[in-house]
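A closer look at the structure
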Amino acid sequence: MATGGVGRAGAATSGGSAARITVDLGAVADNTRTLAARARGAVMAVVKADGFGHGAIGVARAALGAGATWLGVTGLGEALALRAAGLDGPMLSWLNPPGADFPAAVGQRVDLAVPSLAHLAAMPRGARIHLHLDTGMARDGATAGEWVALCRAAREAELGGRVTVVGVMSHLAGPDTPAALRRFRAGLEIAYAMGLRPRVRHLAATAATLTAPETHFDLVRTGAGLVGIDPSGTTALRGAMTLTAPVVEVRRVAAGTPVGYDHTWRAPRDTTLALLPVGYADGLPRSAGPRGEVLLGGRRCRIAGRISMDQVVVDTGPGDGARIGDIAVVFGPGDGGEPTVTEWAGWAGTLPHEIVTGLGNRPHRHVVGGN
Ligand SMILES: *Cc1c(COP(=O)(O)O)cnc(C)c1O
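Residues numbered from 1 in each chain as written. Predicted model: local features only at pLDDT ≥ 70, side-chain atom pairs only at ≥ 80, totals over all residues. Heavy atoms only, no water.

1. Overview of the packing of aromatic side chains
Counted only if it meets this: Whether two aromatic rings pair depends on their centres lying within 6.5 Å, for rings of Phe, Tyr and Trp, where Trp uses its six-membered ring; planes under 30 degrees apart make the pair stacked, over 60 edge-to-face, and the rest tilted. In DSSP terms, a helix is any run of H or I states spanning at least four residues, a strand is any run of E spanning at least two, and both are numbered starting from the N terminus. Type-normalised accessible area, obtained with a 1.4 Å probe on protein chains alone, sets the label of each residue: buried when under 20%, exposed when over 50%, and partly exposed for intermediate values.
In the structure shown here, the tally under the stated rule is 2 aromatic pairs. Their ring planes at 70° and their centres at 5.0 Å tell us that Phe 184 and Phe 217 sit as a pair that is edge-to-face. Taken together, the residues span a long stretch of sequence, with Phe 184 in helix α8 (residues 177–193) and Phe 217 in the loop between α9 (206–211) and β9 (219–222) at a distance of 33 residues. Side by side, Phe 184 and Phe 217 carry an identical accessibility label, which is buried.

Below you can see the structure in the form of structure tokens.
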């Protein structure tokens, strides 16, 4: 916050004084409509990790206004925060230790995933549960070996009036969806054989929502897609986040001038450098340094040298270059020629998910397109 607002108020006409994140909830609504049109069943808006860094409450409201009917989060704390913000309706939390405050979940009508007998034993009276089966990730969910016992115990708890088994869920690893789908169907058969009648069967996340309709069952759980990330690379979704930064210094340098920490970059010719107040503490991946670009003055400009904690230098070329106060677009939806989050992820050798969830809290945040 210390970088914001004060020192360079004179630059207000060119867009402010610090790095700024703009979240476009209109894009979230559009993406939700695209996903809902593909889904055979209902759509859960997964707003874990603060709505993939876009603000959980805003993303949730936008998605619910555009066709989603469920909300999903990882931990119970995230769910209770959404309830406290007034978000009603079906909601699921799927990753909690058996000692979590499950009575609060019951009190706030938050459904809970149950991946083990220990979790089932911890469910208070009135819990609405989704039995979680591992279909091939070996990450979370009950193993095939535990599944029969879990279904039997859940049915007993249901007959005893303690829990309601609302759903059966699993999650796809990506590769070999057909094998996971077979395991999911086999798990459902066991649940039915035990007398369970789960109304909400759910397996697909964004990629399978867009590419594998046979995995949709009653509900799809979409997170990345809401904010414009398409892991399947098949569908035009709109990036919901734009990161900009103003030019705070400009300098002319001669060919051969070394720039930044460790002198990893030297000016290939006489050129102009512009300094932006955004760095890896704000979430710019340092590893993107050698390849990264921003849009400045209508042109793509390469990063010059290392990305620092709080700042980065870009090479604006031998021409007139940038002026102090000009606004660089670090990433955005891409329609103005700016890099996308997916391009940044490629430069950094990571996923767009990691970039948008890794932004610091220093950039000023603005939300547009809400209702
Ligand atoms: C994060 C997550 C999702 C959403 O996945 P996307 O690919 O972002 O749509 C769905 N289900 C589970 C269990 C998750 O952890």
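2. Structural notes on the nonpolar core
Test applied: The definition of a nonpolar core used throughout is a set of buried Ala, Val, Leu, Ile, Met, Phe, Trp, Tyr and Cys residues joined through side-chain atoms within 4.5 Å. Whether two residues are in contact is decided by their heavy atoms, any of which lying within 4.5 Å being enough.
Membership of the largest hydrophobic core comes to 104 residues, with the highest contact counts inside it found for Leu 131 and Trp 344. Every residue in contact with Trp 344, bar those within four places of it in the chain, is listed here: Leu 284, Pro 285, Ala 288, Gly 292, Glu 293, Val 294, Ile 303, Ile 307, Val 330, Phe 331, Pro 339 and Ile 355. If you look at the next biggest cluster of nonpolar residues, it comprises 8 residues, including Ala 267, Leu 273, Leu 275 and Ala 304.

3. As for helix α7 (residues 144–159)
This is how the line gets drawn: To estimate the expected span of a helix, count its residues, drop one, and scale the result by 1.5 Å.
With 16 residues, α7 extends 23 Å between its outermost C-alpha atoms, agreeing within 8% with the 22 Å of an ideal straight helix rising 1.5 Å per residue. Residues of α7 that are buried: Trp 147, Leu 150, Cys 151, Ala 154, Ala 157 and Glu 158. On its buried face, α7 is in contact with β5 (111–114), α6 (117–121), β6 (127–132), β7 (163–169) and α8. A positive backbone phi angle near 80° is found at Gly 161, which sits one or two residues after α7.

4. Overview of helix α3 (residues 56–64)
This is how it is decided: Taken from the helix axis, the directions to the C-beta atoms give the arc we talk about.
Residues Ala 56, Val 59, Ala 60, Ala 62 and Ala 63 constitute the buried set of α3. Angularly, the buried residues of α3 cover 170° about the axis, an arc narrow enough to put them on a single face. Elements that come into contact with the buried residues of α3 comprise α1 (25–38), β2 (42–46), α2 (48–52), β3 (70–73) and α4 (76–84).

5. What about the UniProt feature "modified residue: N6-(pyridoxal phosphate)lysine" (unreviewed entry) in the chain?
So the rule is basically this: UniProt positions are given in the numbering used here, feature names are shortened, and annotations may be inferred rather than shown by experiment.
The sites that carry the UniProt feature "modified residue: N6-(pyridoxal phosphate)lysine" (unreviewed entry) are, in the present numbering, Lys 48. By secondary structure assignment, the location of Lys 48 is in helix α2. Once residues lying within four places of it in the same chain are set aside, the contact partners of Lys 48 are Gly 72, Val 73, Thr 74, Glu 78 and Trp 94.

6. Some words on unusual backbone geometry
At Asp 50, a residue that is not glycine, the phi angle is positive and equals roughly 50°. Examined against the element boundaries, Asp 50 turns out to sit in helix α2. Judged by relative accessible area, Asp 50 falls into the partly exposed class, the value being 46%. Unusually for a residue other than glycine, Ala 138 sits at a positive phi of about 50°. Within the fold, Ala 138 resides in the loop between β6 and α7.

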